[in-house]
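# Tertiary structure, described
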Amino acid sequence: MEMNEGKDLRWFDVKNVPEGYIFSKENRPQNLDSPVSDSIPVIDLEKTPIEAIFKASQEFGFFYVINHGVPEKTTNDAINVMKEFFNMPSKDRSGVVLNSKNWIYINSTDFEKDGVYLWRENLKHPCRPLEECIPQWPQEPTRYQEIIAAYIVEIQKLSLRILEMICKGLGLDPGFFNGKSEVQILSTGFYPPCPDPTLTLGILAHQDPSLITLLYQGGLAGLQVLKDGEWINVGAIPNAFVVNIGNQLEIISNGKFKSVLHRVVNSKHETRRSIATFVNPSLDCIIEPAKVLINELEPARYEASKYKDFIGRNKSFGDHTTALLNATPSDNQA
Ligand SMILES: O=C(O)CCC(=O)C(=O)O
Ligand SMILES: [Fe+2]
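This text gives an overview of the structure that appears in the document.

Conventions adopted
Residues numbered from 1 in each chain as written. Chains lettered and ligands numbered in written order. Predicted model: local features only at pLDDT ≥ 70, side-chain atom pairs only at ≥ 80, totals over all residues. Heavy atoms only, no water. Donors = N, O, S within 2.8 Å, 3.2 Å for Na, K, Ca; no water. Buried < 20%, exposed > 50% of the residue type's maximum accessible area, 1.4 Å probe, protein only. 1 Å grid on protein atoms, 1.4 Å probe; cavity = no way out; pocket = protein on both sides within 12 Å on 5 of 7 lines; lining within 4 Å. Points joined across faces, edges and corners; volume = space filled by probe spheres on them. Nonpolar A, V, L, I, M, F, W, Y, C, P; charged D, E, K, R; others polar. Salt bridge = Lys/Arg side-chain N within 4 Å of Asp/Glu carboxyl O. Helix = DSSP H or I, 4+ residues; strand = E, 2+ residues; numbered from the N terminus. Phe/Tyr/Trp six-rings, centres within 6.5 Å; stacked < 30°, edge-to-face > 60°. Lys NZ or Arg CZ within 6 Å of the ring centre and 35° of its normal. Near = heavy atom within 4 Å. Polar contact = N/O pair within 3.5 Å; in protein donor to acceptor, adjacent residues only side chain to side chain. Areas by Shrake-Rupley, 256 points an atom, 1.4 Å probe, with all protein chains shown as cover. Contact = heavy atoms within 4.5 Å. Pairing = 2+ DSSP bridges. Axes fitted to C-alpha atoms, helices over the stretch in contact; angles between N-to-C directions.

### Observations regarding the coordination of the iron ion (ligand 2)
Those donors, His206 (NE2), Asp208 (OD) and His262 (NE2), are the protein atoms that reach the iron ion (ligand 2), and they lie 2.1 to 2.2 Å from it. Overall, the relative accessible area of 25% leaves His206 in the partly exposed class. Looking at Asp208, the relative accessible area reads 3%, which means it is buried.

Have a look at this one:
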């Protein structure tokens, strides 16, 4: 009794994995202990030619970027403030579940897939237009808004740079992505240590419904990518971002680039926090294969679709996230 006094016991403070988190045998993760793959391309933004990004997008759909210009202090501050957020006492966090402000906090038991809970907690909010979004983000920890705003400013610069290179690589007009990369959603995952990671998942296999996604892993591995039918482990190169191609860029590229399945596995001893930023079209934007990429020999392989309808059809986001997207300021203005 006395020993536990004041201690904030949480859902993951357990010796065994509770039944609600155990996946059926066929859905459990494999290759947890395989070494990190060395085949995922590393793009050095200071020297890699545009063709390398093109090739990585085409062959892998995933790549690391290094020498990206985002100061280490900015990424460290961001990860640290996320750490503080997820460490807040449960009495503070419970007040923030499905907040009426423009952000959502999803505890492990708020989301289930086929009756099984994920081994993670998740915080999500929109980031554009930045000035309008900032005051609607969490007010605790006190420096959250300031630190994440600085992070998003850098991410916006970096994502523009990457999209520009992709544009050149594909032979699209330089302004092609204007209007198609207007919305940005930040989604941060908290994956606490798990007594038996062979039974659980942090995130189920999915593709991102974004144009591109930029992921900062806080120096810890856990992401797996499906490559040629095998789940391979993505490493956590210090200070690198992982970039992946989302469904919308696959469509625009007429299938030249692939949006690849990925998932997150848990760790026995480490607490992983990751920050994903999705660069998305606005809900009313129509996404279709770029006209310059289709001709008689290469007919369009995808139908044109409003982004809103794509999301509805594919159920790529959970209901909470769809509601959040519907509430993003940039779409209200459209
Ligand atoms: O946490 C991660 O490493 C990946 C997150 C992810 O895939 C997502 O949020 O879509
Ligand atoms: Fe993802």
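### Side note on empty space enclosed by the protein
Going through the model one piece at a time under the given rule, you end up with one cavity of 30 Å³ or more. In this model, the largest cavity occupies a volume close to 50 Å³. Every residue along the wall of the largest cavity is listed here: Tyr64, Tyr216, Gln217, Gly218, Gly219, Gly235, Ala236, Ile237, Pro238, Asn239, Ala240 and Val242. The residue makeup of the lining of the largest cavity, split by class, is seven nonpolar, five polar and no charged.

### Some thoughts on the pattern of salt bridges
Considering all chains together, one arrives at nine salt bridges under this definition. Glu121 is the partner of Arg10 in a salt bridge, and the nearest nitrogen-oxygen pair spans 3.0 Å. Of this pair, Arg10 sits in the segment before strand S1 (42-44) while Glu121 is found in strand S6 (residues 121-126), placing the two residues 111 residues apart along the sequence. Exposure class is identical for Arg10 and Glu121. Each is buried. For Glu154, the salt bridge identified is with Lys157, shortest N-O distance 3.5 Å. Placement of the pair is Glu154 and Lys157 together in helix H5 (residues 144-170), with a separation of three residues, close to one helical turn. Taken together, the salt bridges that share partners define one network made up of Asp284, Lys306 and Lys308.

### Topic: the packing of aromatic side chains
As enumerated under the stated definition, the model contains 16 aromatic pairs in all. Aromatic side chains Phe12 and Phe190 sit 5.8 Å apart centroid to centroid with 65° between the ring planes, which places their arrangement in the edge-to-face category. Of this pair, Phe12 sits in the segment before S1 while Phe190 sits in strand S7 (residues 183-191), and the two are 178 residues apart along the sequence. On the accessibility criterion, Phe190 (3% relative accessible area) is buried. With 6.5 Å between their ring centres and 90° between their planes, Trp137 and Tyr144 make a pair best called edge-to-face. Taking relative accessible area as the criterion, Trp137 reaches 1% and is therefore assigned buried. For Tyr144, a relative accessible area of 0% gives the class buried. An aromatic cluster is present here, built from Trp11, Phe12, Tyr21, Phe85, Phe86, Trp103, Tyr105, Tyr117, Trp119, Trp137, Tyr144 and Phe190 joined pairwise through their rings. One cation-aromatic arrangement involves Lys180 over Phe176; the distance from NZ or CZ to the ring centre is 4.5 Å.

### Observations concerning the layout of surface pockets
The space that makes up the second largest pocket amounts to roughly 350 Å³. Along its surface, the second largest pocket is lined by 18 residues, and Leu32, Ala221, Val265, Asn266 and Ser267 are the ones closest to its centre. For the lining of the second largest pocket, the class distribution of residues is nine nonpolar, five polar and four charged.

### Digging into the site of ligand 1
Around ligand 1 sit Tyr191, Ile203, His206, Asp208, Leu215, Leu223, His262, Val264, Arg272, Ser274 and Phe278, and those are all the residues in its vicinity. Note that an oxygen atom of ligand 1 is positioned 3.2 Å from one of the side-chain N or O atoms of Asp208. In this structure, an oxygen atom belonging to ligand 1 sits 2.6 Å away from a side-chain N or O atom of Ser274. Look at ligand 1: alone it shows 290 Å² of surface, and the protein chains cover 94% of it. Elements with a minimum of two residues in the shell around ligand 1: strand S8 (203-206), strand S13 (262-264) and strand S14 (272-280). For the shell around ligand 1, the leading source of residues is S14, giving three residues.

### As for unusual backbone geometry
Cis geometry is found at the peptide bond from Arg128 to Pro129, where omega equals -10°. The step from Glu140 to Pro141 runs through a cis peptide bond, and the omega angle for that step is -10°. A positive phi angle, close to 50°, is found at Asn67, a residue other than glycine. Looking at the element boundaries, Asn67 is found in the loop between strand S2 (62-66) and helix H2 (72-87).

### As for the side chain of Asn254
Mapped onto the elements, Asn254 comes out in the loop between helix H6 (247-252) and S13. We classify Asn254 as buried; its relative accessible area is 3%. Here Pro299 takes part through its backbone oxygen, which lies 3.2 Å from a polar atom of the side chain of Asn254. When neighbours within four sequence positions are excluded, Asn254 is seen to be in contact with Pro289, Leu293, Ile294, Glu298, Pro299, Ala300, Arg301 and Tyr302.

### Here's the deal with the sheet that holds S1
As summarised here, the arrangement of the eight strands in space is S1-S2-S12-S9-S14-S7-S6-S3, forming an open sheet in which the pairing is mixed. The open sheet has two edge strands, S1 and strand S3 (104-106), and neither has a second partner. Here the average twist between neighbouring strands, direction ignored, is 25°. Packing of H2 onto the sheet brings it into contact with S3, S6, S7, strand S9 (212-216), strand S12 (241-245) and S14, and relative to S14 it is tilted by some 115°.

Treat this as a map of the structure, not an account of what it does.
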